[in-house]
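# Notes for the structure review
Here is what each chain is made of, one letter per residue.
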Amino acid sequence: MRPNLVELRGLTVAFDGTPVLHGIDLDVAPGEALGLVGESGCGKSVTWLAALGLLPGKATVTGSVKVVGREMLGRPRPVLEGIRGGRIAMIFQDPSSSLNPVLKVGRQIVEALRLHRGLVGQAAKAEAIRLLDLVGIPDASRRFDIFPHEFSGGQSQRVMIAMALAGQPDLLIADEPTTALDATIQAQILDLLAALRAETGMATVFISHDLGAVSQVCERVCVMYSGRIVEAGPIDTLFEAPRHPYTRGLFDAIPRLDGPRARLIPIPGTVPNPKDMPSGCAFSPRCARSSDACNESVPALVAQAEGRSLACRNPVPGQPVKPTRQKLLEAVL
Ligand SMILES: Nc1ncnc2c1ncn2[C@@H]1O[C@H](COP(=O)(O)OP(=O)(O)OP(=O)(O)O)[C@@H](O)[C@H]1O
Ligand SMILES: [Mg+2]
């Protein structure tokens, strides 16, 4: 079996002493498409910015981040860049903040090609045009020489993807790559990400608050709430029977094409402020299934059947859950 590309263990982040990430355990296998979902402020972006060493100095990060078995946390930036190399690329949430507005788009891609693959001159230009073409920029050779502001939002997003592909990464982290786009362009970008993954075999982490979008491109999904993973598993398993009331709430809030038409039910309330966290389960104040025990301590993320893991004391009833081998062993010992 090939080793995991990335392994996060007990990853925590605090800003100015306020914890926002409370111990994330997460693996990304070569070639897999993993979704990370949750409402705004749940810690989706911070998880990956911390993993890649891209948070500002005021952030305190603890735990372990291994890339192909090598520890990244606490390493100086040049060492870190050496380990990460061109292996992992990230498309950031706001493309306008990631493209340099005063440099022509082609130049920026050429620079990425020089950095990651040592390409220069005509070879670099030809490859940059090929990448722009690949991500669906019409008339790429002519548009090589224009500035970022001359592209539409959807095209900027495509340019960002082209830049990310310049290093031929093994893992592409796409942080809300479609949030700012209209529904048609959003669908095109999702198709593009799926096609690129099929063509290159790279793994993809797709960050979104939209469980519907995630289900189109991912095989496995992690649901985050208030800096923790609360449920994770194969997308089909979660779709069939979401067990965490928060996952269930996210599903109830998206329109479904299959089955009878049902009213969309938003989850009441909002994500708590990290400075003012409830005791026990952070979702408890918004949860219809909450009981006194839920407010006593934070439930651990426990492995279940069918590759699911769940952190809830009072889950939504599903099919009878088969105990895992580990659980059986624990019961015997
Ligand atoms: N640079 C920062 N300084 C201080 N707090 C921050 C910083 N970046 C993020 N946070 C806080 O960390 C928490 C997690 O933020 P994060 O950006 O990871 O959320 P997210 O799940 O990506 O949300 P969104 O869907 O809005 O992008 C939030 O409470 C946020 O306010
Ligand atoms: Mg974010």
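Reference entry: report on the structure contained in this document. On a predicted model such as this, the values are computed, not experimentally measured, just so you know. (Residues numbered from 1 in each chain as written. Chains lettered and ligands numbered in written order. Predicted model: local features only at pLDDT ≥ 70, side-chain atom pairs only at ≥ 80, totals over all residues. Heavy atoms only, no water.)

Before going further, it helps to examine the site of ligand 1. Near ligand 1 you find 14 residues, and of these Ser40, Gly41, Lys44, Ser45 and Gln93 are the closest. Contacts to ligand 1 include Lys44, whose side-chain N or O atom sits 2.8 Å from an oxygen atom. Protein contacts shield 69% of the accessible area of ligand 1, which totals 640 Å² for the unbound molecule. Counting residues per element, the shell around ligand 1 draws most heavily on helix α1 (residues 44-51), at three residues. (Near = heavy atom within 4 Å. Polar contact = N/O pair within 3.5 Å; in protein donor to acceptor, adjacent residues only side chain to side chain. Areas by Shrake-Rupley, 256 points an atom, 1.4 Å probe, with all protein chains shown as cover. Helix = DSSP H or I, 4+ residues; strand = E, 2+ residues; numbered from the N terminus.)

How two aromatic rings sit relative to each other is given by the distance of their centres and the angle of their planes. All told, the structure shown has four aromatic pairs when counted by the stated rule. Note on Tyr225 and Phe283: the rings are 5.1 Å apart at their centroids and 80° apart in plane angle, and the pair reads as edge-to-face. With Tyr225 in strand β9 (residues 220-225) and Phe283 in the loop between α11 (245-252) and β11 (302-303), this residue pair connects regions lying 58 residues apart in the sequence. Residue class for Tyr225 comes out buried when judged on its relative accessible area of 2%. On the basis of relative accessible area, Phe283 is assigned to the buried category, the value being 3%. Ring centres 4.5 Å apart and planes at 65° place the aromatic pair Phe239 and Phe251 in the edge-to-face group. Taken as a pair, Phe239 in helix α10 (residues 235-240) and Phe251 in helix α11 lie far apart in primary sequence, twelve residues in all. Clustering of aromatic rings is evident, with ring pairs tying together Tyr225, Tyr246 and Phe283. (Phe/Tyr/Trp six-rings, centres within 6.5 Å; stacked < 30°, edge-to-face > 60°. Buried < 20%, exposed > 50% of the residue type's maximum accessible area, 1.4 Å probe, protein only.)

What follows is about the packing of helix α7 (residues 153-165) against helix α8 (residues 183-200). Contact geometry for α7 and α8: axes closest at 10 Å, N-to-C directions at 15°. In terms of orientation, α7 and α8 fall into the roughly parallel class. The element α7 and its partner α8 pack so that their crossing is right-handed. Contacts from Gly154, Gln157, Arg158, Ile161 and Leu165 of α7 reach α8 at Ile185, Gln188, Ile189, Leu192, Leu193 and Leu196. Partitioned by chemical class, the residues of the contact of α7 with α8 number seven nonpolar, three polar and one charged. (Axes fitted to C-alpha atoms, helices over the stretch in contact; angles between N-to-C directions. Parallel < 35°, antiparallel > 145°, perpendicular 65-115°, else oblique. Left-handed = near helix turned anticlockwise from the far one by under 90°. Contact = heavy atoms within 4.5 Å. Nonpolar A, V, L, I, M, F, W, Y, C, P; charged D, E, K, R; others polar.)

Now for the sheet that holds strand β2 (residues 18-28). Hydrogen bonds along the backbone pair up the strands of a sheet, which may run parallel or antiparallel. On the basis of which strands lie adjacent, the open sheet formed by four strands has the order β2-β1-β4-β5 and antiparallel pairing. The open sheet has two edge strands with one neighbour each: β2 and β5 (70-71). Pairing analysis gives eight bridges linking strand β1 (residues 6-15) to β2, with the strands arranged antiparallel. From the neighbouring strand, Leu11 faces β2, where its bridge partner is Ile24. (Pairing = 2+ DSSP bridges.)

The buried count for α11 comes to six of eight residues, which makes it a mostly enclosed element. Where α11 is concerned, the buried positions are Pro245, Tyr246, Thr247, Gly249, Leu250 and Phe251. For α11, the elements touching its buried residues are β3 (33-37), α9 (211-217), β9, β10 (228-234) and α10.

This is a description of form; function is not addressed.
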